[in-house]
Amino acid sequence: MEFINLKAQYEQQKSEIDNAIQDVLHSSQFIMGKAVEELESHLSSYVGAKNAIACSSGTDALILALMALDIKNGDEVITSPFSFIASVEAIMLLGAKPIFVDIDEKTYNLDSTKLENAITKHTKAIIPVAIFGQMADMQAINAIALKHNIPVIEDAAQSFGATQRYNDKILKSCNASMFATTSFFPSKPLGCYGDGGAVFTNDEKFAQKIRYLLNHGQTKRYEHSFIGLNARLDALQAAILNVKIKYLDSEIAKRQEIARIYDENLRNVIIPFIQKGNVSAYAQYSIRTKNRAQLIEKLTKAHIPYAVHYPIALHLQEVVRKVYGYKKGDFPISEVVCDEILSLPFSPFLSAKEQDQVIKAVNG
Ligand SMILES: *Cc1c(COP(=O)(O)O)cnc(C)c1O
């Protein structure tokens, strides 16, 4: 059994993907170009954001958004302590201080009721993470951010395709705040066959600046107005994504079905809590138990793959702790979740038989 079955997905879409790759090879246009432009137009119409800017990874997407905002030494950026390292890495790479707001015990996303307390006159951005594919409470976060005039960057690396209902409106992940960033790492809900990512914004000026920044700060050929990056997306990845995005909605629907089967059948563990009105992209299906070691033993015996997302809260990562002196107990909910969380095999291609094996192993 695969933890995430990317092979089955490729088999299903093989002829289209192979053709798309061949087209790029015949075009010899390998960096940016037509396939990337096409992808950006698919991405922007999928989420409804005016600008989708393809780039080299989800991490670079975060760095680009922060660079566009001129985040620098002395600034503070708020994020969740329960995330992949990239969320904090981007902040620290620009010299800013990461300020953490502990998570909600049920959704594992930044607790919006604790956000306002963390804001100071140095706060220059807020990065809520849509952990495991479920959007954070964007309405509340945006309202607080607006009140203090602080831009929000949704780290939507795990949630492309997720939605959130608010009153009668459907907010789409990647178009629920001033900026959003996503990742096309192979195992994400929309993955390519290498590294890739995108930044989203409805602001034309920032969009233009990000386009310059990802291409060495070049404003005209060999004229450079910013210190930028080489953070372009290559055409092969874009061509693959142009095929895969067509299947995304049916895959997200399949993810809901499999999650429901897990939800209804798993015993003695805390199943994912999806807030009413939210549709998760289920980048991961993660359960919680105080007896994680015992659960791991059972899974290992049954040859069921698993992963721990994530074993260490970001404030306790050596690289963060060392610089900013955060310590155990600072963000207790994140710390407990790090001790108890475990992700089960999950993908739209997990067969009924495999689902059954996983359920038996967890319950056994
Ligand atoms: C994967 C991930 C990233 C980084 O994306 P890459 O494309 O791997 O650089 C950032 N934030 C979160 C929450 C992620 O899960």
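Our subject is the structure that appears above.
Residues numbered from 1 in each chain as written. Predicted model: local features only at pLDDT ≥ 70, side-chain atom pairs only at ≥ 80, totals over all residues. Heavy atoms only, no water.

Peer 1: Outline the packing of aromatic side chains, supporting the account with residue identities and numerical values.
Peer 2: If you walk through the whole model with that rule in mind, you get 18 aromatic pairs. A centroid spacing of 6.1 Å and a plane angle of 45 degrees characterise the contact between Y262 and F346, whose relative ring orientation is tilted. Here Y262, found in helix α9 (residues 248–265), pairs with F346, found in the loop between β14 (341–344) and α13 (352–363); they are 84 residues apart in sequence, far enough to count as distant. Neither Y262 nor F346 differs from the other in exposure class; each is buried. Across the ring face of F273, the terminal group of K106 is positioned such that the distance to the ring centre comes to 4.4 Å. Directly above the aromatic system of Y46 lies the positively charged group of K172, at a separation of 5.0 Å from the ring centroid. (Phe/Tyr/Trp six-rings, centres within 6.5 Å; stacked < 30°, edge-to-face > 60°. Helix = DSSP H or I, 4+ residues; strand = E, 2+ residues; numbered from the N terminus. Buried < 20%, exposed > 50% of the residue type's maximum accessible area, 1.4 Å probe, protein only. Lys NZ or Arg CZ within 6 Å of the ring centre and 35° of its normal.)

Peer 1: Talk me through the site of the ligand; I want residue IDs and the actual numbers.
Peer 2: The ligand sits among 15 residues. The nearest are G58, T59, Q158, S183 and K188. D155 has a polar side-chain atom sitting 2.8 Å from a nitrogen atom of the ligand. Burial of the ligand by the protein amounts to 93% of the accessible area it has alone, namely 380 Å². Secondary-structure elements contributing two or more residues to the shell around the ligand are α3 (58–68) and α4 (86–93). When grouped by side-chain class, the residues that make up the shell around the ligand number five nonpolar, eight polar and two charged. (Near = heavy atom within 4 Å. Polar contact = N/O pair within 3.5 Å; in protein donor to acceptor, adjacent residues only side chain to side chain. Areas by Shrake-Rupley, 256 points an atom, 1.4 Å probe, with all protein chains shown as cover. Nonpolar A, V, L, I, M, F, W, Y, C, P; charged D, E, K, R; others polar.)

Peer 1: Kindly report on unusual backbone geometry, identifying the contributing residues and their values.
Peer 2: A cis geometry characterises the amide bond from H309 onward to Y310, with omega recorded as 0 degrees. Inspection of the secondary structure puts Y310 in the loop between α10 (292–301) and α11 (318–324). Here Y282, not a glycine, exhibits a phi torsion of approximately 45 degrees, which is positive. For Y282, the location among the structural elements is in the loop between β12 (278–279) and β13 (285–288).

Peer 1: Help me get a handle on the sheet that holds strand β8 (residues 179–183), residues and values and all.
Peer 2: Judged by pairing direction, the sheet is mixed, and its four strands sit side by side in the order β1-β9-β8-β5 without closing on themselves. The open sheet has two free edges, formed respectively by β1 (51–55) and β5 (153–155), since each of these has just one partner strand. Neighbouring strand axes in the sheet, compared pairwise and without regard to direction, differ in orientation by 20 degrees on average. Sheet topology places β8 next to strand β9 (residues 197–201); five bridges connect them, and they run antiparallel. Residue F179 lies in a different strand from β9, and its bridge partner there is T201. (Pairing = 2+ DSSP bridges. Axes fitted to C-alpha atoms, helices over the stretch in contact; angles between N-to-C directions.)

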